[in-house]
Amino acid sequence: MTKERYFKRECDLFREELGLLKTLTLADHQRMAGKNWHSDTKSWSPVVKSETKDKARKARDLRKRGPSVVEIAKSLKLSKSRIYELLRDK
């Protein structure tokens, strides 16, 4: 087995373990809305903190005005991936 093929196989196994092989549908996004991902338990839980809900509201408001996700992340002092999660929330 070549190195490239071995690496691809390992990546596929890792993504499969995380449940990332299938393409997300609109229904998947709607089911994840308002939830946080816990990588250690590989499960979703509802957002309950009011601070998190406030950050999500601020991120949505900023996004409507036009700045990029990177700019929003810098202004809220969060990562880009967290901003994407907050924008997905209801």
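Above this text sits the structure in question.
Below: a short report on this structure.

Rules of the game
- One numbering rule holds for all chains: residues counted from 1, following each sequence as written.
- For a predicted model such as this one, the threshold for reporting local features is a pLDDT of at least 70, and the threshold for listing and counting side-chain atom pairs is 80 or more; totals across whole chains, interfaces and linings nevertheless cover every residue.
- Remark: hydrogens and water are excluded; side-chain values derive from all non-hydrogen atoms of the structure.
- We count a stretch as a helix when DSSP gives it H or I for four or more residues in a row; a strand needs E for two or more, and each element gets its number in order from the N terminus.
- Here a helix's expected span is defined as the number of its residues, less one, multiplied by 1.5 Å.
- A contact between two residues is defined here by any heavy atoms of the two lying within 4.5 Å.
- The cut-offs for exposure are 20% and 50% of the maximum accessible area for each residue type, with area from a 1.4 Å probe on protein chains only; residues under the lower value are buried, those over the upper are exposed, and the others partly exposed.
- Strands qualify as paired when DSSP identifies two bridges or more between them.
- Here, the term nonpolar core denotes a set of buried Ala, Val, Leu, Ile, Met, Phe, Trp, Tyr and Cys residues that are joined through side-chain atoms within 4.5 Å.
- Between Lys or Arg on one side and Asp or Glu on the other, a salt bridge is scored when a side-chain nitrogen of the former is within 4 Å of a carboxyl oxygen of the latter.
- Axis angles are defined between N-to-C directions and span 0 to 180 degrees, where every axis is a line fitted to C-alpha atoms and, for a helix, only to the segment in contact.
- Each angle is binned into one of four classes, with values under 35 degrees roughly parallel, values over 145 roughly antiparallel, values of 65 to 115 roughly perpendicular, and all other values oblique.
- We call Asp, Glu, Lys and Arg charged. Ala, Val, Leu, Ile, Met, Phe, Trp, Tyr, Cys and Pro are nonpolar, and the rest, Gly among them, are polar.

### Notes on helix 3 (residues 50–65)
Next, step 1: The first and last C-alpha atoms of helix 3 sit 23 Å apart over 16 residues, in line with the 22 Å expected at 1.5 Å per residue.
Next, step 2: Its buried side turned inward, helix 3 meets helix 4 (69–76) and helix 5 (80–88).

### Brief notes about the environment of histidine 38
Next, step 1: On the secondary structure map, histidine 38 appears in strand 1 (residues 35–38).
Next, step 2: Exposure remark for histidine 38: the relative accessible area of 32% places this residue in the partly exposed category.
Next, step 3: If near-sequence neighbours (up to four positions away) are discounted, histidine 38 is found in contact with Ser43 and Ser45.

### Let's talk about the pairing of strand 2 (residues 43–46)
Next, step 1: Here strand 1 pairs with strand 2 via 4 bridges, running antiparallel. Bridge pairing links histidine 38 to serine 43 in strand 2.
Next, step 2: The turn linking strand 1 back onto strand 2 is made up of 4 residues, and lysine 42 within it adopts a positive phi angle of 55 degrees.

### Quick look at the nonpolar core
Next, step 1: Ranked by size, the top nonpolar core spans 7 residues in total: Ala56, Ala59, Val69, Ile72, Ala73, Ile83 and Leu86.
Next, step 2: Secondary-structure elements contributing two or more residues to this core are helix 3, helix 4 and helix 5.
Next, step 3: The biggest single contributor to this core is helix 4, with 3 residues.

### A short note on the pattern of salt bridges
Next, step 1: Tallied over the full model, the rule gives 2 salt bridges.
Next, step 2: With a shortest N-O distance of 3.7 Å, arginine 57 and aspartate 61 are connected by a salt bridge. Of this pair, arginine 57 and aspartate 61 both sit in helix 3, 4 residues apart, roughly one helical turn.
Next, step 3: Look at aspartate 61 and you get partly exposed, because its relative accessible area is 30%.
Next, step 4: Across the pair arginine 82 and glutamate 85 runs a salt bridge, and its minimum N-O distance is 2.6 Å. In this pair, arginine 82 and glutamate 85 both sit in helix 5, 3 residues apart, roughly one turn of the helix.

### Quick notes on unusual backbone geometry
Next, step 1: The residue lysine 77 is not glycine, and still its phi comes out positive at about 55 degrees.
Next, step 2: Tracing the backbone shows lysine 77 in the loop between helix 4 and helix 5.

### Some remarks on the packing of helix 3 against helix 5
Next, step 1: One can describe the packing of helix 3 onto helix 5 by two numbers: an axis separation of 8 Å at closest approach and a directional angle of 90 degrees. Classified by the angle their axes make, helix 3 and helix 5 are roughly perpendicular. Residue-level contacts link Thr52, Lys55, Ala56, Ala59, Arg60 and Arg63 of helix 3 to Arg82, Leu86 and Leu87 of helix 5.
Next, step 2: When the residues that make up the contact of helix 3 with helix 5 are grouped by side-chain class, the tally is 4 nonpolar, 1 polar and 4 charged.

From the geometry alone we can't say anything about function, so treat these as descriptive.
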